[in-house]
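Structure at a glance
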Amino acid sequence: MPAKIFILFIYSCSLLSSCFDKSSEKKFIIGFSQCVDSDKWRQTMLEEMKRELAFHENITFIYKVADDRSDKQVEQVKELMKQDLDLLIISPNEANPLTPVVEEVYKKGIPVIVIDRKVASRAYTAYIGADNYEVGKLAGQYAVNLLNKKGTVTEVLGLAGSSPAIERHKGFTDAIKDYPEIKLVTQIPGQWLRSKAVAEVTKRNAEVKQTDLVFAHNDMMAIGTREALEKTNPGNQLKIIGIDALPGNDAGLEFVADKKITASVLYPTGGDEAIRLALRILNKQEFKKVNILNTLVVDSSNVRLMKLQSEKIISQQQDIEKQQALVEEQKRVYNNQRTFTGILAVALLLLLFLGGAVFYSWRKNKKITNKLQLKNDEISSQQKQLIEMSEKAEVAHQAKLNFFTNLSHEFRTPLTLILSPLEELLANEKMQSGNRQTLQLVHRNVMRLYRLVNQLMDFRKIEFSKMKVRASENDLVTFVKEITESYEVLARKKQVGLRFFTNERVLPTWFDVTMIDKVIFNLLSNAFKFTKENGFIHVTVSKSADMAIIKVEDNGVGMGPNALEHAFEPFFQGEYENYKGSGLGLALSKEFIEMHHGQIFVSSEKWKGTCFEIKLPLGKDHLQAEELIDNPDEDTRAEDAKMYTTELMNDTEELQENLALGNNGNRACVLVIEDNDDLRYYLTSRLSRANDVLEADNGLTALDIAFANIPDIIICDVMIPGKNGLDVTRILKNDVRTAHIPIILLTARNEEQQRIEGLETKADAYLTKPFNLQLVHETVKNLLTNREKMKSHYSTETFNEEKSPAGKKLERKFISEFCGIVENNIANEKFSVDDICKHMAISRIQLYRKVKQVLNCNVNDYIITTRLQKAKYYMQHENLSISEIAYKTGFSSAAYFSTVFKSKFGTTPSDFKSRKN
Ligand code: FRU
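Please read all numbers here as calculations on a predicted model, not as lab measurements.

**A short note on helix 31 (residues 894-905)**
Here helix 31 is twelve residues long and its end C-alpha atoms lie 16 Å apart, about the 16 Å a rise of 1.5 Å per residue gives. Those residues of helix 31 lying buried are F897, V900 and F901. Along the axis of helix 31, the buried residues cluster in a sector spanning 100°; they form a single face. Facing away from the buried side of helix 31 by over 90 degrees, the exposed positions are A895, T899 and S903. In the stretch just after helix 31, G906 is the one whose phi turns positive, near 80°.

Put into structure tokens, the structure is as follows:
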């Protein structure tokens, strides 16, 4: 913005300055070289010039006067030449001495106006002045009249070398030459000067007074003559004729009017005309080279009129001068005002621009302010909404917690009532193993519920600050060691290397036993949950300065950065689908530790392991008096041990055994895919009574097991980690090896759309949770029966593809491929099961199972049967020897062929052949 204002300002200034430009007229320099200016005539000439120049401001006027000296005038002209003259006006003192310099100026291209007196060449631009010859002639004619054509004349001459003196003399003598009685008898050199005339006439007084008339070349010399004669002959009546007839005091017109001289010939100065002529020349307008001014004789007859006219002119000129002065003043005032107005205008413009800028900034600011205001309002309203939302969330959170707390309270009594009789039942050693396992499943889950209920209640108590630390002094080494030991059975069962380390013999520490044992149990339970077989869990107790340190470290699955960041947040569910807990254990542990003014840290790396570290301050100074008790509260470790470890005591050995089992005898092989350990266990244990059961807790493992074992039927949960149930179904149903396996999808989702989705994957049945076990049994049985029917259908038709319309596309493909390979290798005695596997890119076990299921026969049996069928055909239709037939059907010898044939058909090949023939 400031840059814009500056540019506008500069622009306006240039605009203003162009307005104030005084004139677009061209500027000129005019030099004026005057021969002399001591007399009134020349002063009048100068005044006239100046008066005229006043109307032309574009002219610079340089004035030089030579004081009657020709040499000086030459010098002055040369000086003027150096000043870039546009035009020279010159009244040369004498013609000859000034001619060269005037020519030089003229030749240089500078216009020259010669005024009044002349030079001795025509090398000038223009001449202005009255015709001196004419003036002299008029004076002569007037003298003839005055003398009545008879008398003597004295001539008082101007400067000898000057042109007017020469021309006036010639004009005068020419006028009187026709009158012989008029004689020019005396000539007196007056040099144009009054004083010179007085002196010379006085000197030659006697001579002059004898003549009848004096012709003086100008009025000044005329009055000088009168003055000289008056001195010697006062009152003499000598007629005197002068030249110039200048108005004003002590000048020609007055002399005539006062009868001091008889007449004067008007010789105008031409000052104003000279300036006008100069301008025409400079402006390249038309002009005349010779400009002759008018003249006339002034005597007593017209002097009054002339005087009046002259006075009028003088007064008018004075008026003009006054007006000019006024104009000058006005101009000055105007210029001042113009300058002032200019400054004012610039200031105004500046003000305008600044005003504009201020307005612009104000508008911009206002817009920004408005925007900010809007943003602010928006933020405020969002803030309000957030506050409201968080209040609502808090209320909802509280309501949820209240609900859980109340529910937990309600749960505890029935849980206790379930737990006690259950434990009584489990104590019965005579119980059947199947029943025991079922009851143990119930026990584990009751304990799990019991622990969750307790955790929820503890959490609630902390939130309402109802839970207080009740610290007593205990040996931390013994305390942690005993808790660790309670996991030994589990560790052995899971084959996890559980070890306890310490350098301290004892480590007396003040803590709340009910709180810290929950913390240690929780950490150890977590470690067991996430540590696989052959892993390790190390528990360490140590001391550092004023802190007791407990570390629980494992080399289990570990946590990713996100899980690590939120590990201690309440209700945070970890990243392992099948290990999801309540999200309360670690949050609660952190609360308990902080209530002890301690700290809990976790470090973990995915697939490498996790380490929890607890720091508890030693001594009791950090605890309030009311937080200290003398004797520890009732030891809850036994109860906690039960709560935390029972859940982990799955019958893993049995599960492993189940996994290891293959399809066997007439028992169907069922693959159960379910991520919930208990539900999987429940299903496998129930199904394993009549079937061989394989199990998987995620989609990827399930696919591996399915391809490796080709089970007879699959029960699959939809919501499982890895690949979900729908994906697993789709993959298995689209693979030639597994397409025949019936699949039952099992899920809690019961919406119509999902059911359709399930069936679209070609699943054979769809059961929703909670399911009825009987229904599962029935569905499994039905699907297996259907399968059997289909199998017998295939086998009785002896692999005739066209006659197996019920066969699914993939199965037809399998059968034709399998039969084709066998057919093509019928003569190949080295042909084996491995060759088929290679051709079909499947394993031996897959081939055996698939052929068993689809064709209901053994692969080797099938090959032998096909060879024998072919042999039969040869025997019936071709005239070949037994050996040839044996050879053509892949038997290594005729004897072996006969043995096999006989065992199959109950007769030797030769008997069969001879019977046939
Ligand atoms: C003035 C003057 C005039 C005369 C003219 C001639 O200096 O003497 O009186 O007419 O010069 O150049």
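This is not the end of the story, as more comes after the structure.
**Let's talk about the packing of aromatic side chains**
This model, assessed by the stated rule, comprises 17 aromatic pairs. A centroid spacing of 5.9 Å and a plane angle of 40° characterise the contact between Y487 and F521, whose relative ring orientation is tilted. Placement of Y487 in the loop between helix 14 (476-485) and helix 15 (488-494) and of F521 in helix 16 (residues 513-530) is noted, with a sequence separation of 34 residues between them. You'll find Y487 and F521 in the same group, each marked buried. Of note, K118 hangs over the ring of Y127, and the distance from its end group to the ring centre comes to 4.9 Å. One residue, K870, lies across the ring of Y873, its end atom 5.7 Å from the ring centre.

**Re the nonpolar core**
If you look at the biggest cluster of nonpolar residues, it comprises 67 residues, and the most contacted ones within it are Y487, L524, F528 and I614. Among the elements that line this core, the one with the most residues is helix 16, at ten residues. Setting aside anything within four residues of it in sequence, one finds F528 in contact with Y487, L490, A491, K494, V496, L498, I537 and L648. Counting 62 residues, the second-largest nonpolar core is a separate cluster that includes L87, L98, V105 and V135.

**Some details on the pairing of strand 18 (residues 599-605)**
Burial along strand 18 is one-sided: I600, V602 and S604 are buried, while Q599, F601, S603 and E605, pointing the other way, are not. Looking at chain direction, strand 18 and strand 19 (residues 609-617) are connected through seven bridges and run antiparallel. Considered in strand 19, the bridge of Q599 is made with K615.

**Let's talk about the site of the ligand**
All residues in the neighbourhood of the ligand are listed as D39, R42, D116, R117, P164, R168, W192, N218, D244 and Y267. Within the contact set of the ligand, an oxygen atom lies 3.1 Å away from a side-chain nitrogen or oxygen of D116. Between the ligand and N218 there is a distance of 2.8 Å, counted from an oxygen atom to a side-chain nitrogen or oxygen. Isolated, the ligand exposes 310 Å² of accessible area, and the fraction of that covered by the protein chains is 98%. Classifying every residue of the shell around the ligand by side-chain character gives three nonpolar, one polar and six charged.

**Here's the deal with the pairing of strand 7 (residues 182-189)**
With seven bridges joining them, strand 6 (residues 151-157) and strand 7 adopt parallel strand pairing. The residue of strand 7 that forms the bridge with G151 is I182. This β-α-β element, strand 6 to helix 6 (residues 163-176) to strand 7, shows right-handed connectivity.

**Quick notes on the sheet that holds strand 9 (residues 239-244)**
Pairing within the open sheet is mixed, and its six strands lie in the order 7-6-8-9-10-12. Of all strands in the sheet, those bounded by a partner on one side alone are strand 7 and strand 12 (297-299). Shown here is a sheet whose adjacent strand axes are inclined to one another by a mean of 20°, direction ignored. Two elements, strand 8 (residues 213-216) and strand 9, share three bridges in a ladder whose sense is parallel. If you follow F215 over to strand 9, its bridge partner there is I241. Its contacts with the sheet put helix 5 (residues 132-146) on strand 7, strand 8, strand 9, strand 10 (263-266) and strand 12, and the angle it makes with strand 9 is roughly 160°. Together, strand 6, strand 8, strand 9 and strand 10 form the strand contacts of helix 9 (residues 219-232), whose direction differs from that of strand 9 by roughly 155°.

**Here's the deal with the environment of A197**
Within the secondary structure, A197 sits in helix 7 (residues 194-203). Here the alpha-carbon distance between A197 and A228, two residues 31 residues apart in the chain, equals 8.0 Å.

**Let's talk about helix 5**
End to end, helix 5 covers 21 Å across 15 residues, agreeing with the expected 21 Å (1.5 Å per residue, within 8%). If you check the start of helix 5, you find a side-chain oxygen 3.1 Å away from the backbone N of Y133, and it comes from D131.

**Overview of the packing of helix 16 against helix 18 (residues 585-595)**
In the contact formed by helix 16 and helix 18, the axes pass within 9 Å of each other and the chain directions differ by 145°. Where helix 16 crosses over helix 18, the handedness of that crossing is left-handed. Contacts from M515, I516, K518, V519, N522, L523 and N526 in helix 16 reach G585, L586, S589, F592, I593 and M595 in helix 18. A per-class count over the contact of helix 16 with helix 18 returns eight nonpolar, four polar and one charged.

**What to know about the sheet that holds strand 3 (residues 87-91)**
Note: strands within a sheet are paired through backbone hydrogen bonds, in either parallel or antiparallel orientation. With parallel pairing, the six strands of this open sheet are ordered in space as 2-1-3-4-5-11. Each of the sheet's edge strands pairs with one partner strand only, and the pair in question is strand 2 (59-65) and strand 11 (290-293). Recorded for the sheet is a direction-independent mean angle of 15° between the axes of neighbouring strands. Examined bridge by bridge, strand 1 (residues 28-34) and strand 2 share seven bridges and lie parallel to one another. By the bridge assignment, G31 is partnered in strand 2 with I62.

Cut-offs applied
- Residues numbered from 1 in each chain as written.
- Predicted model: local features only at pLDDT ≥ 70, side-chain atom pairs only at ≥ 80, totals over all residues.
- Heavy atoms only, no water.
- Helix = DSSP H or I, 4+ residues; strand = E, 2+ residues; numbered from the N terminus.
- Expected span 1.5 Å × (residues − 1).
- Buried < 20%, exposed > 50% of the residue type's maximum accessible area, 1.4 Å probe, protein only.
- Arc of directions from axis to C-beta.
- Phe/Tyr/Trp six-rings, centres within 6.5 Å; stacked < 30°, edge-to-face > 60°.
- Lys NZ or Arg CZ within 6 Å of the ring centre and 35° of its normal.
- Core = buried A, V, L, I, M, F, W, Y, C linked by side-chain atoms within 4.5 Å.
- Contact = heavy atoms within 4.5 Å.
- Pairing = 2+ DSSP bridges.
- Near = heavy atom within 4 Å.
- Polar contact = N/O pair within 3.5 Å; in protein donor to acceptor, adjacent residues only side chain to side chain.
- Areas by Shrake-Rupley, 256 points an atom, 1.4 Å probe, with all protein chains shown as cover.
- Nonpolar A, V, L, I, M, F, W, Y, C, P; charged D, E, K, R; others polar.
- Right-handed = clockwise from strand over helix to strand, strands pointing away.
- Axes fitted to C-alpha atoms, helices over the stretch in contact; angles between N-to-C directions.
- Left-handed = near helix turned anticlockwise from the far one by under 90°.

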